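Chains, contacts and geometry: an overview
One letter stands for each residue in the lines below.
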Amino acid sequence: MFLRNCWYVAAWDIEVPREGFLARTLLGEPVVFYRDTKGRAVALENRCCHRAAPLSIGRHEGDCVRCMYHGMKFDASGACVEIPGQAVVPPNTCVRSYPVVERDRFVWIWMGDPARADASDIDDFFWHDSPEWRMKPGYIHYQANYKLIVDNLLDFTHLAWVHPTTLGTASAAELRPTIERSTEGRGRLSITRWYLDDEMPALHRRVARFSGKVDRWQVYQWTPPATLRMDAGSAPIGTGAPEGRRVPEALQFRHTSVQTPETETTSHYWFCQARNFELDNDALTEQIYDDVVVAFEEDRRMIEAQQKIVSQTPGRPMLPIAADAGLNQARWLIDRLARQEAAALGTEGRS
Amino acid sequence: MFLRNCWYVAAWDIEVPREGFLARTLLGEPVVFYRDTKGRAVALENRCCHRAAPLSIGRHEGDCVRCMYHGMKFDASGACVEIPGQAVVPPNTCVRSYPVVERDRFVWIWMGDPARADASDIDDFFWHDSPEWRMKPGYIHYQANYKLIVDNLLDFTHLAWVHPTTLGTASAAELRPTIERSTEGRGRLSITRWYLDDEMPALHRRVARFSGKVDRWQVYQWTPPATLRMDAGSAPIGTGAPEGRRVPEALQFRHTSVQTPETETTSHYWFCQARNFELDNDALTEQIYDDVVVAFEEDRRMIEAQQKIVSQTPGRPMLPIAADAGLNQARWLIDRLARQEAAALGTEGRS
Amino acid sequence: MFLRNCWYVAAWDIEVPREGFLARTLLGEPVVFYRDTKGRAVALENRCCHRAAPLSIGRHEGDCVRCMYHGMKFDASGACVEIPGQAVVPPNTCVRSYPVVERDRFVWIWMGDPARADASDIDDFFWHDSPEWRMKPGYIHYQANYKLIVDNLLDFTHLAWVHPTTLGTASAAELRPTIERSTEGRGRLSITRWYLDDEMPALHRRVARFSGKVDRWQVYQWTPPATLRMDAGSAPIGTGAPEGRRVPEALQFRHTSVQTPETETTSHYWFCQARNFELDNDALTEQIYDDVVVAFEEDRRMIEAQQKIVSQTPGRPMLPIAADAGLNQARWLIDRLARQEAAALGTEGRS
């Protein structure tokens, strides 16, 4: 089962075309995305209410979509506005529509109770379209449950083992982060890792404009079910980075890693690595993107292998270790939301 | 579950070879077809009663088939006639055999209670081998439940949407057919669609020996579970087609569309489009066949996409519209037969 | 369900590398094999106890394996000896280890109650590494339950039908073997087939140093769950083979066929065909190996086709014939062991 009463990323803005459709399964449900005549993203259940044909192989007609099996036409609210050969459209003839918010180049979708959808709950990713930052949007499809990806992102000791030649240094294995948990709203984790007087990882060295030892940081917020926003970088040692000073040659990145369940064993994953330097250097944009893809493939290989073993050994427990503090707190927050949703359903059921 | 007490098409005559076997799953059961020394089609369960090896990788020996795992030999009635190294064949050693009727180039099979098999129930397809008609037999394999194909054939408004450049004209979307239902025997639908003073669809234009507006007809009988026989054509307007007159230049076709379930989500589909003109024009035979295949691939794309959504959203209802009159009646007839079979089993169970 | 309290072949010796790992699913469980610094084979559950990552994509470190997800290190007993960033390894932190015995070039594994593992129960395959015999080790992966392969090996009448141009002669269809059953220990079948004054099968003719009629034998022991050891050969007629004399030109082979379940519908199969003549003729070694592979592919085609029909017709009975004496006894011995294991579990559960 999936959390429903929360905003999920459904796509990068550019994934939803001006003409035609994006078809995507989210939380096990078929969803079709398109843009209305004002360019606003629309999300409908990708299933005609008549005979279950997918609307995504239908026809985009202005603000509407027409099912190309028998010609029923639906507007952006999901309401049926035309049934060929039938003078009257019965009331409530519709497909399900989903609240959608487009912000910071993400298309967010709300698949739970629409009455609870509040756009102010959506996390801020200003570096996606700020003139002071530059990034290239990335997407990976995973053959694994999204929680296994969350685990990965909440325990960076894996950088030392999975990414020794890309994102990690040996120090990552031992370093314990500061973890702060907030239970306000749907909850939040704030995780801070400082590597003082350390080496740069390979992917920093490849783009750095200085050499030598660094003070390095990974400071991130994680919000359930699966949103990670990170301030990360490397500064020459002793230049005051831990105290908040950022000298001009310091490498500063903003990193995005967001997941949405596709099914119980597959997931969507959107990411980017924004920088605040050499903004017009397109080759650098591509290089940073390519480097991150190499590192993220290292994760994917491990996590998909892990999913296979999890599926092969159902019911076997996982043994906690000290490094799990972050991921345990994340799972706890996810489970808390699940209990809240179950309780709310129970209440509604009784009333 | 499938209807069992009815005749199903199992193959075109040419699909069952003189030498060797045709292996085909029908209603979920493995069946092997071959021809006896007189050329008559035989249908046996494709499963040796000894150790379940498929007979279709066995040896065709005259009227018999020998399992090539341990050499057991079965005659055309399914009776075991030889067990190597064993003097006596115990009584009732056999594989299941199925009543088979070969008629009008179709091989029909009865997979229900053999006592109820009555060949006079089989529908007439005289145009398959009449000297006055010419056709090329077609077969399609479908990744969809057969009822979704039945739906498609019982509502021709889809011609306007799925086949705008092949079988359909815009008028198909609005036109309401006359539907007559007979509940005699296993039931029947008679559906009549007249398009007066209309355009020819593209596939008619491509073979017509005249141009201009037409009076056009689709007159068909559908019998459960999945048999469609159609008289279709186009005549120059005002030449009396609706009154039954067929001027020499009128295009006249007889169309066959028949399905048999393979599994719950896959189907066999046999079709042909016979004509009564230019009988010796082999290029025309091929052209008409190829044109129909193009149009039928348009259906297959839609119906297989529909099946995927149906499988992904189990239990979700379908919303009836006015155009569904035909398919609703078809489903009603199928369900009626299913209830009759269940009741008959119950009676037999009690007695 | 599988028998657990017995030795299973897990690999040929050469399949477990000096560096790195062999990952293999046995009885449905993921197992990783590697060699310690003394070259001894080690078998651990291929699932890190922390987050279920497979150890087989980890790092081989001397006697140990390190999970490369978060760096946990396990020794050859499965005990965790290091958790990075954590001073203390809690007691009982471990992955499951399996008793392993390497003998006669086979790596044997015990996946049941370790207290019952007794290496003296392991069958003898001296011809695998005797200086008087020569063989090339073979392995086949099967899309079939291992019992269907056992059936095949316990009824050699199939040689006449499945292998008419390789292993079989027509006489195989009729010949009844002598079958002796021992119920001592886990039980054993001894099966003897003598073909007197017979033809050689093709694969014997291809390597024989004489021609003409032969006295031919297949004398084998089968032990549950799936171990076959055979003395087979052809000698010129009248040279005393049935009485135990083996003239120098007689063809003498020792044959090995052993299966281990991978899953309910897939199996591992190890085999070899050792000879005691022309030991240094490497081309002959390859030829005999290739010939056996051709014949074994004949079996695989039949048995995998059989598995498909078995899966398609669940619950349908199999009809015994006289030739089944051997396989019925084998199934009886397997079932007896299964009952013993179930009873032992029950007793343990109560005590």
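Source: prediction; values computed, not measured.

Moving on, we get to the overall build of chain A. Across its full length, chain A holds five helices and 17 strands. Computed over its C-alpha atoms, the radius of gyration of chain A comes to 22 Å, within 12% of the 20 Å expected for a compact globule of 351 residues. Its C-alpha atoms give chain A principal-axis dimensions of roughly 75 × 50 × 35 Å. Looking at the 351 residues of chain A, the share that counts as buried comes to 43%. Partitioning the contacts of chain A with sequence separation of at least 6, the portion at a separation of at least 24 is 56%.

When chain A is brought onto chain B, the operation consists of a screw motion whose angular component is 120° and whose axial shift is 0.0 Å, with 0.0 Å RMSD remaining. Within this description, the copies of the chain are treated as partners about a three-fold rotation axis.

Strand pairing within a sheet occurs via backbone hydrogen bonds; the two strands may be parallel or antiparallel. Residues and elements named next belong to chain B. Strand order in this open sheet of seven strands is 12-18-17-16-15-14-13, and the pairing throughout is antiparallel. Looking at strand neighbours, the two that pair on one side only are strand 12 (138–142) and strand 13 (178–182), the edges of this open sheet. Across the sheet, the axes of successive neighbouring strands diverge by a mean angle of 15°, strand direction being ignored. Along the sheet, helix 1 (residues 146–154) makes contact with strand 12, strand 15 (214–223), strand 16 (227–236), strand 17 (251–263) and strand 18 (266–275), crossing strand 17 at roughly 160°.

Moving on, we come to the interface of chain A and chain B. Each side of the interface is counted separately: chain A has 19 residues, and chain B has 22 residues. Partitioned by chemical class, the residues of the side of chain A that touches chain B number 10 nonpolar, seven polar and two charged.

Moving on to the interface of chain C and chain A. If you look at the interface, chain C gives 18 residues, while chain A gives 22 residues. The residue makeup of the side of chain C that touches chain A, split by class, is 10 nonpolar, six polar and two charged.

Residues and elements named next belong to chain B. Packing of helix 1 against helix 4 (residues 282–312) leaves a shortest axis separation of 10 Å and a crossing angle of 130°. Considering their axes alone, helix 1 and helix 4 lie oblique with respect to each other. Along this stretch, helix 1 crosses helix 4, giving a crossing that reads as right-handed. Touching L148, I149 and N152 of helix 1 are D299, I303, Q306 and Q307, all from helix 4.

The next point concerns the pairing of strand 17 (residues 266–275) of chain A. Residue and element names in this part refer to chain A. Taking burial as the measure, the 10 residues of strand 17 include eight buried ones, the bulk of the element. Direction of pairing for strand 11 (residues 138–142) relative to strand 17: antiparallel, over a ladder of five bridges. Note on strand 17: the bridge partner recorded for Y142 is S267. The pairing of strand 16 (residues 251–263) with strand 17 spans 10 bridges and is antiparallel. Bridging across to strand 17, P261 finds its partner in S267. What sits between strand 16 and strand 17 in their antiparallel hairpin is a turn of two residues.

Turning our attention to the nonpolar core. Where a protein is soluble and globular, its nonpolar side chains tend to be buried together. Core analysis: the biggest nonpolar cluster contains 290 residues, and F33 and I109 of chain A, F33 and I109 of chain B together with F33 and I109 of chain C have the highest contact counts within it. Setting aside anything within four residues of it in sequence, one finds I109 of chain A in contact with Y8, A10, L26, A43, Y98 and V100 of chain A.

Residue and element names in this part refer to chain A. If you walk across this open sheet you meet the three strands as 1-10-9, and the pairing is antiparallel. The outermost strands of the open sheet, each flanked by one partner alone, are strand 1 (7–12) and strand 9 (100–103). Mean inter-strand twist for the sheet, computed between neighbouring axes without regard to direction, equals 30°. Where strand 9 and strand 10 (residues 106–110) come together, four bridges link them in antiparallel fashion.

Quick look at the pairing of strand 13 (residues 188–198) of chain A now. Residue and element names in this part refer to chain A. Of the strand pairs in this sheet, strand 12 (residues 178–182) and strand 13 are connected by five bridges, and their pairing is antiparallel. Bridging from a neighbouring strand, S182 pairs with R188 of strand 13. Where strand 12 hands over to strand 13, the hairpin turn is made up of five residues, of which G185 adopts a positive phi near 55°.

Judged by how many residues are buried, helix 1 (residues 146–154) of chain C sits mostly within the fold: eight of nine residues are covered. Turning to helix 1 of chain C, its buried residues are Y146, L148, I149, V150, D151, N152, L153 and L154 of chain C.

The next subject is the environment of P54 of chain A. For P54 of chain A, the location among the structural elements is in the loop between strand 4 (41–45) and strand 5 (59–61). Spatially, the C-alpha atom of P54 of chain A lies 7.4 Å from that of C67 of chain A, the residues being 13 residues apart in sequence. Aside from chain neighbours lying at most four places away, what touches P54 of chain A is A23, P30, N46 and R47 of chain A together with A305 and I309 of chain B.

For the rest of this paragraph, the subject is the environment of V42 of chain A. By the element assignment, V42 of chain A lies in strand 4. Linking V42 of chain A and A76 of chain A, residues 34 residues apart in sequence, is a C-alpha distance of 6.1 Å.

Residues and elements named next belong to chain A. Parsing chain A into structural domains produces domain 1 (10–99) and domain 2 (127–338). When each unit is reduced to the centre of its C-alpha atoms, the spacing between domain 1 and domain 2 is 36 Å. Opposite the seven residues of domain 1 that make contact, domain 2 presents seven residues. Elements represented by at least two residues in the side of domain 1 that touches domain 2 include exactly strand 1 and strand 2 (22–26). Its residues assigned to classes, the side of domain 1 that touches domain 2 comprises five nonpolar, two polar and no charged.

For chain A, per-residue confidence averages 95 on the pLDDT scale, and 99% of positions sit at 70 or higher. Scoring the predicted complex yields pTM 0.94 and, for the interface, ipTM 0.93.

Next up on the list: the environment of D113 of chain B. Secondary-structure assignment places D113 of chain B in the loop between strand 11 (106–110) and strand 12. Accessibility expressed as a C-beta count within 10 Å gives 13 for D113 of chain B, which makes it partly exposed.

Next up on the list: unusual backbone geometry. Residues and elements named next belong to chain A. At the junction of P224 and P225, the peptide bond is cis and its omega measures out at 5° in the coordinates. Mapped onto the elements of the fold, P225 is located in the loop between strand 14 (214–223) and strand 15 (227–236). Phi is positive for L27, close to 55°, though the residue is something other than glycine. Among the secondary structure elements, L27 is positioned in the loop between strand 2 and strand 3 (29–35). Accessibility expressed as a C-beta count within 10 Å gives 18 for L27, which makes it partly exposed. Here D197, not a glycine, exhibits a phi torsion of approximately 55°, which is positive. Inspection of the secondary structure puts D197 in strand 13. For D197, a count of 11 C-beta atoms within 10 Å puts it in the exposed group.

Thresholds applied
- Residues numbered from 1 in each chain as written.
- Chains lettered and ligands numbered in written order.
- Predicted model: local features only at pLDDT ≥ 70, side-chain atom pairs only at ≥ 80, totals over all residues.
- Helix = DSSP H or I, 4+ residues; strand = E, 2+ residues; numbered from the N terminus.
- Rg over C-alpha atoms; globule rule 2.2 N^0.38 Å.
- Buried ≥ 20, exposed ≤ 12 C-beta atoms within 10 Å, placed from the backbone.
- Contact = placed C-beta atoms within 7 Å.
- Least-squares fit on C-alpha atoms with pLDDT ≥ 70 in both.
- Pairing = 2+ DSSP bridges.
- Axes fitted to C-alpha atoms, helices over the stretch in contact; angles between N-to-C directions.
- Nonpolar A, V, L, I, M, F, W, Y, C, P; charged D, E, K, R; others polar.
- Parallel < 35°, antiparallel > 145°, perpendicular 65-115°, else oblique.
- Left-handed = near helix turned anticlockwise from the far one by under 90°.
- Core = buried A, V, L, I, M, F, W, Y, C linked by C-beta atoms within 7 Å.
- Domains from an automatic or database assignment.
- pLDDT = per-residue confidence, 0-100.

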